Amino acid sequence: MGLLDQLSRTIAQSVDRARFEAEKFQKTTRLQGEVNELRRQVDSKLNELGQRAYELLRAGQIQSATLAELGAVVDQLRSALVMKEEELKQAQAEVYVEPPAPAPPPPSQSVPIDYGPPASTPAVKQCGVCGFQMPGTAMFCPNCGTRVT
Ligand SMILES: [Zn+2]
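Residues numbered from 1 in each chain as written. Predicted model: local features only at pLDDT ≥ 70, side-chain atom pairs only at ≥ 80, totals over all residues. Heavy atoms only, no water.

## As for the packing of aromatic side chains
Cut-off, in case you're wondering: Aromatic contacts are taken between Phe, Tyr and Trp rings whose centres are within 6.5 Å, Trp giving its six-membered ring; a plane angle under 30 degrees counts as stacked, one over 60 as edge-to-face, and the others as tilted. Think of it as a cone above the ring: NZ of Lys or CZ of Arg counts as a charge over the ring if it is within 6 Å of the ring centre and within 35 degrees of the ring normal.
Scanning the model with the defined rule gives zero aromatic pairs in all. Its guanidinium or amino end placed over the ring of tyrosine 54, arginine 78 lies 4.9 Å from that ring's centre, counting from NZ or CZ.

## Quick notes on the environment of phenylalanine 132
The test is simple: The numbering of helices and of strands both runs from the N terminus, where a helix is a DSSP run of H or I of at least 4 residues and a strand a run of E of at least 2. Burial here depends on accessible area, computed with a 1.4 Å probe over protein chains only, as a share of the maximum for the residue type. Under 20% is buried, over 50% is exposed, and the range in between is partly exposed. Here a residue-residue contact requires only that any non-hydrogen atoms of the pair lie within 4.5 Å.
If you trace the backbone, phenylalanine 132 turns up in the loop between strand E1 (124–126) and strand E2 (133–135). Residue class for phenylalanine 132 comes out partly exposed when judged on its relative accessible area of 30%. Distance from phenylalanine 132 to cysteine 144, taken between C-alpha atoms, is 8.3 Å for residues twelve residues apart in sequence. Excluding its chain neighbours within four sequence positions, the residues that come into contact with phenylalanine 132 are Met83, Lys125, Gln126, Cys127, Cys141, Pro142 and Asn143.

## With respect to helix H1 (residues 3–58)
An α-helix turns once per 3.6 residues; consequently, residues spaced three or four apart project the same way. Here is the rule: Each helix should span, by expectation, one fewer than its residue count multiplied by 1.5 Å.
In this model, H1 (56 residues) spans 81 Å end to end at C-alpha, consistent with the 82 Å of a helix rising 1.5 Å per residue. Phi turns positive one or two residues past the end of H1, at glycine 60, with a value near 75 degrees.

## What about the coordination of the zinc ion?
Here is the rule: Counted as coordinating are nitrogen, oxygen and sulfur atoms within 2.8 Å of the metal, or 3.2 Å for Na, K and Ca, while water is not included, which may make sites look incomplete. A site with four donors is called tetrahedral when every donor-metal-donor angle falls between 85 and 135 degrees; four donors are called square planar, and six octahedral, when opposite donors sit more than 155 degrees apart and all other angles fall between 65 and 115; any other arrangement is irregular.
Protein coordination of the zinc ion is provided by Cys127 (SG), Cys130 (SG), Cys141 (SG) and Cys144 (SG), with donor distances spanning 2.3 Å. Around the zinc ion, the four donor atoms sit at angles spanning 101 to 119 degrees, and that spread fits a shape best called tetrahedral.

## Brief notes about the packing of H1 against helix H2 (residues 65–93)
This is how it is decided: Axis lines are fitted to C-alpha atoms, over the contacting stretch for helices. Their N-to-C directions set the angle, which ranges from 0 to 180 degrees. For classification purposes, angles smaller than 35 degrees are called roughly parallel, those larger than 145 roughly antiparallel, those between 65 and 115 roughly perpendicular, and all remaining angles oblique. Residues are grouped as follows: Ala, Val, Leu, Ile, Met, Phe, Trp, Tyr, Cys and Pro are nonpolar; Asp, Glu, Lys and Arg are charged; all remaining types, including Gly, are polar.
Contact geometry of H1 with H2 gives a least axis separation of 10 Å together with a crossing angle of 100 degrees. Here H1 is positioned roughly perpendicular relative to H2, judged by the angle of their axes. In this structure, H1 contributes Tyr54, Leu57 and Arg58 to the contact, and H2 contributes Leu67, Ala68, Gly71, Ala72, Val74, Asp75 and Arg78. Class assignment of the residues belonging to the contact of H1 with H2 gives a composition of six nonpolar, one polar and three charged.

## Structural notes on a nonpolar patch on the surface
Our working rule: Patch membership requires over 30% relative accessible area and the absence of a salt bridge. Like charges are linked within 9 Å, and nonpolar side chains (Val, Leu, Ile, Met, Phe, Trp, Tyr) within 5 Å. Accessible areas in this description were obtained via Shrake-Rupley with a 1.4 Å probe; residue shielding takes into account the shown protein chains only. When a carboxyl oxygen of Asp or Glu is within 4 Å of a side-chain nitrogen of Lys or Arg, the pair counts as a salt bridge.
A cluster of nonpolar side chains, namely Leu4, Leu7, Ile11 and Val15, defines an oily patch on the protein surface of about 410 Å² accessible area. In this fold, isoleucine 11 is placed in helix H1. You can call isoleucine 11 partly exposed: its relative accessible area is 48%.

Put into structure tokens, the structure is as follows:
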């Protein structure tokens, strides 16, 4: 085999390999996308199933210790979420307070701002079981999970 033949054969082989790699990349990328989409759908349906099971559990239509345990964990996480949201709301409502001026001009009229929750609920309440303090809006003790309404 001549040198030129050998060379062109080598070139042809590397072209084939490049094409193979490009097609492989395209194919695996497409399949990965399809796998991800199916995973997303499975997760979404599992989430739906979980919510439905939670509702049935709370309605007393499911008797399962395992599900009841999971349900209790969900309740605790929700209480923790409520607490965090409250904390976030308060942090967002914080305003910069200017330090008092040294000179004594009488303070101008200030607009009162109500930072507290609606008057119907106390700002803070305490868990009757463990004594944990939580916002008045909490329905479950974030510490022990007891219903506090
Ligand atoms: Zn408690």
